[in-house]
Amino acid sequence: MLWLGVAYLGALAALFVTSLWTVDGFTGVITREWTLQNFRDLATIEVYRSITFRTVLTAVAVTVIDIVIAFPIALYMAKVASPRLQRILVIAVLTPLWASYLVKAYAWRGMLSETGPVSWLARPFGLDSPGYGLAATVITLSYLWLPYMILPMYAGLERLPNSLLEASADLGAATGMTMRRIVLPVLFPAAVAGSIFTFSLTLGDYIAVKIVGGANQMLGNVVYDNFLTGNNMPFAAAVSTIPVVIMLFYLAAVRRTGALENL
Amino acid sequence: MRITRLTRTGVAAAVLAVVAAGCGTTSGDDGDSGDAPAAAEEQGGFVAPDLPMADALGDTEGALNVLAWPGYAEDGSTDKSVDWVTPFEEETGCEVNVKYFGTSDEAVTLMKSGEYDVVSASGDASLRLIAGGDVEPVNTDLISNYADVWSFLKDRDWNAVDGQMYGAPHGYGANLLMYNTEEVSPAPTDWSVVFDGASDYAGAVTAYDSPIYIADAALYLMNTQPDLGIEHPYALDEDQLAAAVDLLKAQRENVGEYWSDYLKEIQAFTTGDSVVGTTWQVIANLAQADKVPVEAILPESGSTGWSDTWMIGSQTENRNCAYAWLDHIISPEANAAVAEWFGEAPANEKACDLTSKGFCESYHAGDEAYAEQIWYWTTPIEQCLDGRTDVTCTTYQDWTQAWTEIKG
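Sequence order sets the numbering: in each chain, residues are counted from 1 along the sequence as written. Here the convention is simple: chains get letters from A, ligands get numbers from 1, in the order in which they are written. For a predicted model such as this one, the threshold for reporting local features is a pLDDT of at least 70, and the threshold for listing and counting side-chain atom pairs is 80 or more; totals across whole chains, interfaces and linings nevertheless cover every residue.

Enquirer: In this structure, what is going on with the overall build of chain B? I would like to understand it.
Expert: Counting from the N terminus, the helices are the DSSP runs of H or I reaching at least four residues and the strands are the DSSP runs of E reaching at least two. In terms of helices and strands, chain B carries 14 helices and 14 strands. For chain B, the proportion of its 408 residues judged to be buried stands at 52%. In chain B, the proportion of contacts linking residues at least 24 apart, taken out of those at least 6 apart, comes to 72%. Three classes are used. A residue is buried when 20 or more other C-beta atoms lie within 10 Å of its own, exposed when 12 or fewer do, and partly exposed in between, with C-beta atoms placed from the backbone. Two residues qualify as being in contact provided that their C-beta atoms, derived from the backbone, are within 7 Å of each other.

Enquirer: Teacher, can you tell me more about the overall build of chain A here?
Expert: Scanning chain A for helices and strands turns up 12 helices and two strands. Based on the C-alpha atoms only, the size of chain A along its principal axes is roughly 75 × 50 × 30 Å. Burial analysis of chain A (263 residues in total) assigns 39% to the buried set. Residue pairs at least 24 apart in sequence account for 70% of intrachain contacts in chain A once pairs closer than 6 positions are excluded.

Enquirer: Teacher, can you tell me more about the environment of T178 of chain A here?
Expert: Residues and elements named next belong to chain A. Positionally, T178 belongs in helix α9 (residues 175-204). Linking T178 and A253, residues 75 residues apart in sequence, is a C-alpha distance of 27 Å. Ignoring sequence-local partners within four residues, the contact set of T178 consists of L165, S168, A169, A173 and V183.

Enquirer: Sorry, what's going on with the sheet that holds strand β11 (residues 294-297) of chain B here?
Expert: Within a sheet, adjacent strands bond to each other through the backbone by hydrogen bonds, running parallel or antiparallel. All names here are of chain B. Two strands pair if DSSP finds at least two bridges between them. Across the sheet, which stays open at both edges, the five strands sit in the order β9-β8-β10-β7-β11 with mixed pairing between neighbours. Bordering the open sheet on either side are β9 (255-259) and β11, each of which pairs with just one other strand. With strand direction ignored, the average angle separating the axes of adjacent strands in the sheet is 25°. Both strand β8 (residues 205-208) and strand β10 (residues 276-279) contribute to a ladder of two bridges, which runs parallel. When the sheet's bridge partners are listed, T206 is paired in β10 with G277. Angles run from 0 to 180 degrees between N-to-C directions of axes, and those axes are lines fitted to C-alpha atoms, restricted for helices to the stretch in contact. Helix α8 (residues 262-271) contacts β7 (176-180), β8, β9, β10 and β11 of the sheet and is inclined by roughly 150° relative to β9. Against the sheet, helix α9 (residues 281-289) contacts β7, β10 and β11, and its axis sits at roughly 160° relative to β11.

Enquirer: Explain the packing of helix α8 (residues 162-170) of chain A against α9 of chain A here, please?
Expert: All names here are of chain A. Look at α8 against α9: their axes get within 10 Å of each other, and the N-to-C directions meet at 145°. The two elements α8 and α9 meet at a crossing, and its hand is right-handed. Residues L164, L165, S168 and A169 of α8 lie in contact with α9, whose contacting residues are T178, R181 and I182. For the contact of α8 with α9, a count of residues per class yields four nonpolar, two polar and one charged. Left-handed describes a crossing whose near helix is turned anticlockwise from the far helix through less than a right angle; right-handed describes the clockwise counterpart. For this scheme, ten residues count as nonpolar: Ala, Val, Leu, Ile, Met, Phe, Trp, Tyr, Cys and Pro. Four count as charged, namely Asp, Glu, Lys and Arg, and the remainder, Gly too, count as polar.

Enquirer: What is the right way to read the domain arrangement of chain B from this model?
Expert: Accessible area lost upon the coming together of the parts serves often as the stated size of an interface. Residue and element names in this part refer to chain B. Partitioning chain B into domains gives domain 1 (63-171 + 306-372) and domain 2 (176-302 + 381-407). A straight line from the C-alpha centre of domain 1 to that of domain 2 covers 25 Å. Facing 11 residues of domain 1, the contacting portion of domain 2 comprises nine residues. If you list the elements that add at least two residues to the side of domain 1 that touches domain 2, you get α4 (104-112) and α11 (332-342). All the domain ranges listed were derived from an automatic or database domain assignment.

Enquirer: Quick question: what am I supposed to make of the nonpolar core here?
Expert: One finds V118, I214, A218, A244, M311, W325 and L326 of chain B to be the most contacted residues of the largest nonpolar core, which totals 125 residues. Broken down by element, the residue count for this core peaks at eight residues, all from helix α6 (residues 214-224) of chain B. Counting contributing residues per domain, this core is built from domain 1 (63-171 + 306-372) and domain 2 (176-302 + 381-407) of chain B, each supplying no fewer than three. Residues contacting I214 of chain B, with those up to four places away along its chain left out, are A244, L248, W399, A402 and W403 of chain B. Remark: nonpolar core denotes a set of buried Ala, Val, Leu, Ile, Met, Phe, Trp, Tyr and Cys residues whose joining runs through C-beta atoms within 7 Å. Formed by 49 residues, the second largest nonpolar core is a distinct cluster that contains Y132, L141, M153 and L203 of chain A.

Enquirer: Got a minute to help me understand the pairing of β7 of chain B in this structure?
Expert: As a general feature of sheets, a regular strand has side chains that alternate between the two faces. Residues and elements named next belong to chain B. Burial runs high along β7: five of the five residues are buried. In this sheet, β10 lies alongside β7 in antiparallel orientation, the contact comprising four bridges. Its bridge partner lying in β10, L176 is registered against T279. Examined bridge by bridge, β7 and β11 share four bridges and lie antiparallel to one another.

Enquirer: Whenever I open this one, the pairing of strand β6 (residues 168-174) of chain B confuses me. Can you help?
Expert: All names here are of chain B. Most of β6 sits out of view: seven of its seven residues are buried. Where β6 meets strand β12 (residues 304-312), six bridges bridge the pair, whose relative direction is antiparallel. Across the sheet, residue G173 finds its bridge partner in β12, namely W306. When β6 meets strand β13 (residues 345-346), the two strands line up antiparallel, connected through two bridges. Paired with Y172 across the strands is A345, a residue of β13.

Encoded structure:
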């Protein structure tokens, strides 16, 4: 516990302290004087608002897409598939996690390129690959984080006794009603748990955007650019407090729904 | 349950922050405003930190960590015939570790870690490295090949301070315009294809992902809009910077992606996702070797470019190997090999005897007048580099800020 406090919270504290310093623009030496200038810049310069907005929007889109895709898969795995198939499917869902993040992101770069398979498949229908950009980023991240959504949903649905579904049917409930009254209450906390992964991972991501995001940038890129190319660690630290704050709000909102108590 | 704990952790974090603050910030004087520029900046240009210089060399240490532009430290793994690291290792016994970087900013940040013994610094990095105390003065008497370096590369404002050299000049060249010969027609002759004419190739234009690219826009404006009064692409006052930013924001609409990783640019040109944009000769060479139909040209109106210097990290533990590397890399053999591979003019006069026929002529190596026409990457500072004294110029930090805004 103490170790966690020192290693984890200590790092967060150091981050916050750093964000209150500034850096000498020419030599890149950090000036250790208290100032709120970094946060003032963040608040007043319009581009950071639009980047924050874009990042949150991407995170929401990825989360929603993952929920929509994961639900039928998880439902099938938990309630329809035979025990043997169930095991195979769990392994199938987990296998992509063994491959490196970078490999998967670059695979999508190839898939979505001008001459890649996606555009080849879409062309007969008069469509085209979305190309590198925000759409490509959302697709790639949705793919990357999908297992993190399927697994909690699957775990949640598996705990739902089949007898409840049968009882619901016996009492004359239509499929829609059963879904709404029986499945959804179990699914909701599971989806919320999954969304914490997909949402927070997207919020901090910068590599996928660099690979398939075209000229777009997200909060992670601003941190990366300021740290590595801009050599402005204090400002990078100030930017990274944005996702931390967003996540705190998100977790607070999740707590209000009471979803976590039911996990 | 968990959340209550989380809230508690939040409070704990805040407490910790205060504690850490108490210990960490010794010089804190509760400055209430952020505009407290460091002393160095106020004293006009900067003051180089007082660092010792080697007087004599001893035995080599057996290891050398090299921080280099891609293509500057080839050990034969890219192309078997391209190798000047192995001969160095055999000769000196210094095992070479190479780390490549994509932008000058990256180089500056990596050098601050103190992990690298030598770095190939362009003009927009070298001064910052000197001012930050990250590189040390170099005793050129200990580098036997230094005498053969063209004199117009010695003691320049990007590699020396008050007559003291901080490294060995390595070579210089220009940023080029690369285009896909099948997709882009007519063949471009000017930068306008990536600025005013970029909409013809919307979504397939690429540009170098660094604030220093603003200078390319400034150079274009210097040639096309004389009213702005730009004399030097690295000396922009606020209005001139705003004009360059507007031009780049318009370009941004047509940019497919920015590149700083040279492999990513090659790949984008190979797949056709990028068809026109800035490049280096080495990238064009690699792409052409892969049978990608690309051509790279130096537009008539000139270009930005680089003049690189090998520098020695001030925290190096392999000083003798570092000096040996500096001597090796500007030796006629190695300098000629690097120059041909990377596509730049060598710094060593004798290297031109070893390069292929016509190479040094085509890169105008040793042609001082031509070299003066390339706008070498330089760090923009408050004191206008074009000599104006009635305005303050925008600094590299302003450029970094502007670059974020351009990308949006």
